[in-house]
Amino acid sequence: MVQLFSRIRAALLVAGCVTALVGCAGSVAPEVKRLPERVELSGTFYRGEAYQSGPQVLASLLSQQGIVITPGLLEKPLHLPGAEDKLQQNLQSLAREYGMVVYPLDSNLPALLTQVAAGYPVMVRFSEGSAFWAEPRYAILSGYDRLKQKVLLRAGMNRRELMSFSSFESALEKSGGWAVLIQKPTQIPVAVDQQRWLKAADALAQAGQEREAAQARKALAAH
């Protein structure tokens, strides 16, 4: 009788685990299910302490666009240290000074992973720390594993920081849900929002990069 109860209990545990796994797999958005199973983008990555994440990530993305730069060269134009509260705005302004289009993305996981699957690394800001103490950090979203439901971040000292889909979405939301592409004017994002791209081109022109802004508009018209 004891053996029978043990077998029933074991069977229930197995059934519960299977149900949990199925439920977990079913929680992935349909748009994500249509993406390739696994993606990991290569490219330049500068390691640095957590407080250096802004210039570190921007330098990494600019380097991937063929610009010779290091994080140290970006600290002064980003007014660091001292202007941490304006870092998000200053990162975008500085990227435009290098002739890049700053294209904002919706902060939901399908929108972000769609760009990664197309070969475009995404700059994100996420909350790192505990429930009692957390700070915003910048990172490069450069890959994911759809079956394991994990994203791959290049952040801080870690070139391959893995985080579950749910944890990443929560960390992104806690820090304001900010995510952008740093693109050459000729690099049109996948599923581009035309008005959003044109607005980004206008911001590039306002930064004094009229030629690059014109290239961005021309690339969209030819897309």
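Residues numbered from 1 in each chain as written. Predicted model: local features only at pLDDT ≥ 70, side-chain atom pairs only at ≥ 80, totals over all residues. Heavy atoms only, no water.

**Q** Pulling in residues and values, what's your account of helix H5 (residues 87-97)?
**A** For H5, the complete set of buried residues consists of Leu87, Asn90, Leu91, Gln92, Leu94, Ala95 and Arg96. Positive backbone phi, approximately 80°, marks glycine 99, located one or two places after H5. (Buried < 20%, exposed > 50% of the residue type's maximum accessible area, 1.4 Å probe, protein only. Helix = DSSP H or I, 4+ residues; strand = E, 2+ residues; numbered from the N terminus.)

**Q** Help me get a handle on the pairing of strand S6 (residues 158-164), residues and values and all.
**A** Inspection of the sheet shows strand S5 (residues 150-155) paired to S6 by five bridges, in the antiparallel sense. Opposite leucine 153, over in S6, you have glutamate 161 as the bridge partner. Hairpin connection, S5 to S6: the antiparallel pair is bridged by two residues, and glycine 156 has positive phi, about 60°. (Pairing = 2+ DSSP bridges.)

**Q** Report on the nonpolar core, specifying residues and quantitative values.
**A** Ranked by internal contacts, the top residues of the largest apolar core, which has 40 residues, are Leu113, Val122, Val124, Leu141, Val151 and Phe168. When residues in this core are grouped by element, the largest group, five residues, is from helix H8 (residues 194-206). Counting 23 residues, the second largest nonpolar core, distinct from the first, contains Phe45, Ile67, Ala95 and Tyr138. (Core = buried A, V, L, I, M, F, W, Y, C linked by side-chain atoms within 4.5 Å.)

**Q** Break down unusual backbone geometry for me, citing the residues and quoting the values.
**A** A negative phi holds for most residues other than glycine; trans holds for most peptide bonds. A cis geometry characterises the amide bond from leucine 80 onward to proline 81, with omega recorded as -10°. Mapped onto the elements of the fold, proline 81 is located in the loop between helix H4 (71-75) and H5. The backbone phi angle of histidine 79 is positive, close to 60°, even though this residue is not glycine. Secondary-structure assignment places histidine 79 in the loop between H4 and H5. A positive phi angle, close to 55°, is found at glutamine 149, a residue other than glycine. Assignment of secondary structure puts glutamine 149 in the loop between strand S4 (134-145) and S5. Since its relative accessible area comes to 11%, glutamine 149 is described here as buried.

**Q** Give me the pairing of strand S7 (residues 179-183): which residues, what numbers.
**A** Most of S7 is tucked away, with five of its five residues classed as buried. Side chains Ala179, Leu181 and Gln183 of S7 all project onto a buried face; the interleaved residues Val180 and Ile182 project onto the opposite face, where all are buried too. Bridge analysis of strand S2 (residues 101-104) against S7 gives four bridges, and the strand direction is antiparallel. When the sheet's bridge partners are listed, tyrosine 103 is paired in S7 with leucine 181. By the bridge criterion, two bridges tie strand S3 (residues 122-129) to S7 in an arrangement that is antiparallel.

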